[in-house]
Amino acid sequence: MHPRFRTVSAALGALALLASFGCGESGSGSGKGGELNMGIAVANISLNFAHEMVLGAESAASHAGDVDFKAVGPPNTDGPAEVQLFQNLTTRAKDGIVLENLDPPIFTRPAARAVDQGIPIVALDTAPTDGSKVGFYVGNDNYALGELMAKEALERLGDDPKGEVAIGVPNPGTPVLDNRAQGIADTFEKEAPNVEIVGPFQTYSDPGQNYSSWSAQVNAHPDAIAFLGVGDADSYNLAKIKKAKKGSWLSAGFDVDPKTLDAVKDGSNFVTIDPQHFLKGYLSTAMLIESVRDNDGKLPEGWFLSPGGVVDSSNIDEIITRQKSADAAYDWYKPTIDKLLGDQEANLKPLKDAR
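Calculation rules
Residues numbered from 1 in each chain as written. Predicted model: local features only at pLDDT ≥ 70, side-chain atom pairs only at ≥ 80, totals over all residues. Heavy atoms only, no water. Helix = DSSP H or I, 4+ residues; strand = E, 2+ residues; numbered from the N terminus. Rg over C-alpha atoms; globule rule 2.2 N^0.38 Å. Buried < 20%, exposed > 50% of the residue type's maximum accessible area, 1.4 Å probe, protein only. Contact = heavy atoms within 4.5 Å. Lys, Arg positive; Asp, Glu negative; His and termini not counted. Charge placed at Lys NZ, Arg CZ, Asp CG, Glu CD. Pairing = 2+ DSSP bridges. Axes fitted to C-alpha atoms, helices over the stretch in contact; angles between N-to-C directions. Phe/Tyr/Trp six-rings, centres within 6.5 Å; stacked < 30°, edge-to-face > 60°. Core = buried A, V, L, I, M, F, W, Y, C linked by side-chain atoms within 4.5 Å.

**Re the overall build of the chain**
Within the chain, the secondary structure is distributed over eleven helices and 13 strands. In terms of overall dimensions, the chain is globule-like: its C-alpha atoms have a radius of gyration of 20 Å, near the 20 Å expected for 355 residues. Looking at the chain residue by residue over its 355 residues, the buried ones come to 57%. Here the contacts in the chain between residues at least 6 apart in sequence split such that 74% fall between residues at least 24 apart. Looking at charge distribution, the chain has the averaged site of its 31 positive side-chain charges lying 2 Å from that of its 48 negative ones.

**With respect to the sheet that holds strand β1 (residues 36–41)**
With respect to topology, seven strands assemble into an open sheet ordered β2-β1-β3-β4-β5-β11-β13, the strand pairing being mixed. Two strands close off the open sheet at either side, each with one partner strand: β2 (67–72) and β13 (348–349). Where helix α1 (residues 48–64) meets the sheet, it contacts β1, β2 and β4 (121–124), and its direction lies at approximately 175° from that of β2.

**Notes on the sheet that holds strand β12 (residues 309–311)**
What the six strands build is an open sheet, ordered β7-β6-β8-β9-β10-β12; its pairing is mixed. Looking at which strands have only one partner, the edges of the open sheet turn out to be β7 (195–202) and β12. Across the sheet, the axes of successive neighbouring strands diverge by a mean angle of 20°, strand direction being ignored. Relative to strand β9 (residues 250–254), helix α7 (residues 232–245) is tilted by about 155°, and along the sheet it contacts β6 (163–169), β8 (226–229), β9 and β10 (272–274).

**Some thoughts on the packing of aromatic side chains**
Note on aromatic pairs: each is described by the distance of the centres and the angle between the planes. The final tally for this structure, using the stated rule, is six aromatic pairs. Pairing Trp214 with Phe227 gives two aromatic rings, centres 6.2 Å apart and planes at 90°, and the pair type is edge-to-face. Note that Trp214 is positioned in helix α6 (residues 207–220) and Phe227 in strand β8, a separation of 13 residues in sequence. Given a relative accessible area of 0%, Trp214 falls into the buried group.

**A few points about the side chain of Glu152**
With respect to the element layout, Glu152 can be found in helix α4 (residues 142–157). With relative accessibility at 12%, the residue Glu152 sits in the buried group. When sequence neighbours within four positions are dropped, the list of residues in contact with Glu152 reads Phe270, Val271, Val310 and Asp312.

**As for helix α3 (residues 108–116)**
Among all positions in α3, only Thr108, Pro110, Ala111, Ala112 and Ala114 are buried. Gly118 sits one or two positions beyond α3 and adopts a positive phi of about 90°.

**A look at the nonpolar core**
Among the nonpolar cores identified, the biggest contains 69 residues, and Met38, Ile40, Val138, Ile184, Phe188 and Leu228 are the most heavily contacted of them. Here this core takes nine residues from helix α9 (residues 277–294), the largest share from any one element. In this structure, Phe188 is in contact with Ala150, Ala153, Leu154, Leu157, Val165, Pro193, Val195, Ile197 and Leu228, ignoring residues within four places of it in sequence. Formed by 18 residues, the second largest nonpolar core is a distinct cluster that contains Val83, Ala111, Ile119 and Tyr137.

**Some remarks on the environment of Leu124**
As for its placement among the helices and strands, Leu124 is situated in strand β4. A C-alpha to C-alpha distance of 4.8 Å links Leu124 and Glu100, two positions 24 residues apart in sequence. For Leu124, the residues in contact, after removing those within four places along its chain, are Ile40, Met53, Val98, Leu99, Glu100, Asn101, Tyr137, Val138, Lys280, Gly281 and Ser284.

What follows is the structure, encoded as structure tokens:
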């Protein structure tokens, strides 16, 4: 396994014990010229996708300087637990919070209360609900990322493929994940009419449950030509199952967990789709800090589109190198960061169009 990330133990106790990261000493207040108290809340501090966002957010806070920055999240995906952690965070991160979650409806009222308290809130990775009073969102075009995965699969399935393609979604009802799955399904429907889409099936974000779910689907669809997941654990569990069964089907998922990169490196998975979570974490935090210091806390309005990409055999070594440390990731992303932050208006879209 490549030593890409420092790990955050999920054994730090039930729901209440968090992972926390600091930049600077504990501060008492804000204002444009003083130390800022800020933070980020994520859905699952132990999974790679959220850890990447935290690393990006920490990097932006560190580069900005004079920011006391804290990250919180439950050890397992648990919306109500994250709500409590977010509410606790609002008592100290008075100058701004980046909020990522997988259950937007239950954050509507807590987010609105934070906004009413004068705390700038940036939605990250999952678009905010209408009643949340959050008007700025940094995220991918997830439907397009789903299309991208399907097109990569179709390139490898040859002309006029036939058979079943199974799709898995860890948390059905989460727009970011559902949009990816819809992009996959629609692309196959348009470009491969003889392919039968089965699913999306719930595959769960917990790695153990995810493995069991995919094992059941592989057994239920022995003649499938591809198994495609849209989440973090989907990637490495599909690779593990494929190796164990010596399968010939295509398998792939999302994100850049070290085990996922190993699966792309050894050819078990033909690709992984990289939503570039570090980049999103960096951009959201950098723009939050800029808004507080330079614009009296007034955030932009709309959906700030952050890019994603494909990781395959052609660039796997480059991505493995990128993932070795937060500094390496920042160096790799810096040209993109400079471009996106240098022309923010060009990347803003209406919030209603987020998908």
